[in-house]
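Chain by chain, the residues run as shown.
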Amino acid sequence: MVPEEVIAFYAYLTTSENNPGEHHVIIYDHVVTNAGNGYSKHTGAFVAPRAGVYVLTWTTFACGSSYFPVELTVNSTPIGTVFSDAGAHYSGVTGIAVVQLQQSDVVMVRTRPGYTPQGSICSSVNMRTAFSGWCLSC
């Protein structure tokens, strides 16, 4: 049983997203862990249940011949960006950020505005496009 004060989440895409446009919010539909109930599989948003220092990670896989930047945002402000470039095969990239969040801050992952993604975001049992986080000081 998870103690009530723990805040942690982990979710991933169950299927690939074909040809997402720029500024496309990634909605991780399969929730594995959601201690504190901050993550919504309907919106793709993590809403901080309490103020604190959080560790946030996002892993994105590009299908063959795909490339695009994916950014982590807090209240719609970018705080970290990774670039996935698959070339002829598949390619994955992970970003990590340690941030101070206030209660009710909204954290999301999206394709970067102003850059048109080429190809598709992959996710399968062999490569999970995922989003996770936990609070260090809650």
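Residues numbered from 1 in each chain as written. Predicted model: local features only at pLDDT ≥ 70, side-chain atom pairs only at ≥ 80, totals over all residues. Heavy atoms only, no water.

Some details on the packing of aromatic side chains
- Within this structure, the stated rule accounts for eight aromatic pairs.
- With a centroid separation of 6.0 Å and 50° between ring planes, the pair formed by tyrosine 10 and tyrosine 12 is classed as tilted.
- Looking at tyrosine 10, the relative accessible area reads 29%, which means it is partly exposed.
- Relative to tyrosine 115, the ring of phenylalanine 83 has its centre 5.8 Å away and its plane inclined at 90°; by these criteria the two rings are edge-to-face. Taken together, the residues span a long stretch of sequence, with phenylalanine 83 in strand β6 (residues 77-85) and tyrosine 115 in the loop between β8 (106-111) and β9 (121-122) at a distance of 32 residues.
- Tyrosine 115 gets classed as partly exposed once you look at its relative accessible area, which sits at 27%.
- Each residue in the set Phe9, Tyr28, Tyr39, Phe46, Tyr54 and Phe131 is aromatic and connected to the rest through ring pairs, giving one cluster. (Phe/Tyr/Trp six-rings, centres within 6.5 Å; stacked < 30°, edge-to-face > 60°. Buried < 20%, exposed > 50% of the residue type's maximum accessible area, 1.4 Å probe, protein only. Helix = DSSP H or I, 4+ residues; strand = E, 2+ residues; numbered from the N terminus.)

What about the environment of valine 106?
- By secondary structure assignment, the location of valine 106 is in strand β8.
- Look at valine 106 and you get partly exposed, because its relative accessible area is 27%.
- Separated by 33 residues in the primary sequence, valine 106 and threonine 73 have C-alpha atoms spaced 8.0 Å apart.
- In this view, valine 106 contacts Ala45, Phe46, Val47, Thr73, Val74 and Asn75; residues no more than four positions away in its chain are not counted. (Contact = heavy atoms within 4.5 Å.)

A look at the state of the cysteines
- For the structure shown, the criterion picks out two disulfides.
- A sulfur-sulfur separation of 1.7 Å characterises the disulfide bridge that pairs cysteine 63 with cysteine 122. Residues cysteine 63 and cysteine 122 are joined through a disulfide that is right-handed, its torsion about the S-S bond being 130°. Here cysteine 122 lies in strand β9 and cysteine 63 lies in the loop between β4 (52-62) and β5 (67-74), a separation of 59 residues in the sequence. The pair formed by cysteine 63 and cysteine 122 is uniform in burial state, with each residue classed as buried.
- Through a disulfide, cysteine 135 is tied to cysteine 138; the S-S separation comes to 2.0 Å. One disulfide, between cysteine 135 and cysteine 138, carries an S-S torsion of 80° and so falls in the right-handed class. (Disulfide = S-S within 2.5 Å.)

Describing the pattern of salt bridges
- What the rule picks out here adds up to one salt bridge.
- Here glutamate 71 makes a salt bridge to arginine 110, at a shortest N to O gap of 2.6 Å. Here arginine 110 lies in strand β8 and glutamate 71 lies in strand β5, a separation of 39 residues in the sequence.
- Judged by its relative accessible area of 9%, arginine 110 is buried. (Salt bridge = Lys/Arg side-chain N within 4 Å of Asp/Glu carboxyl O.)

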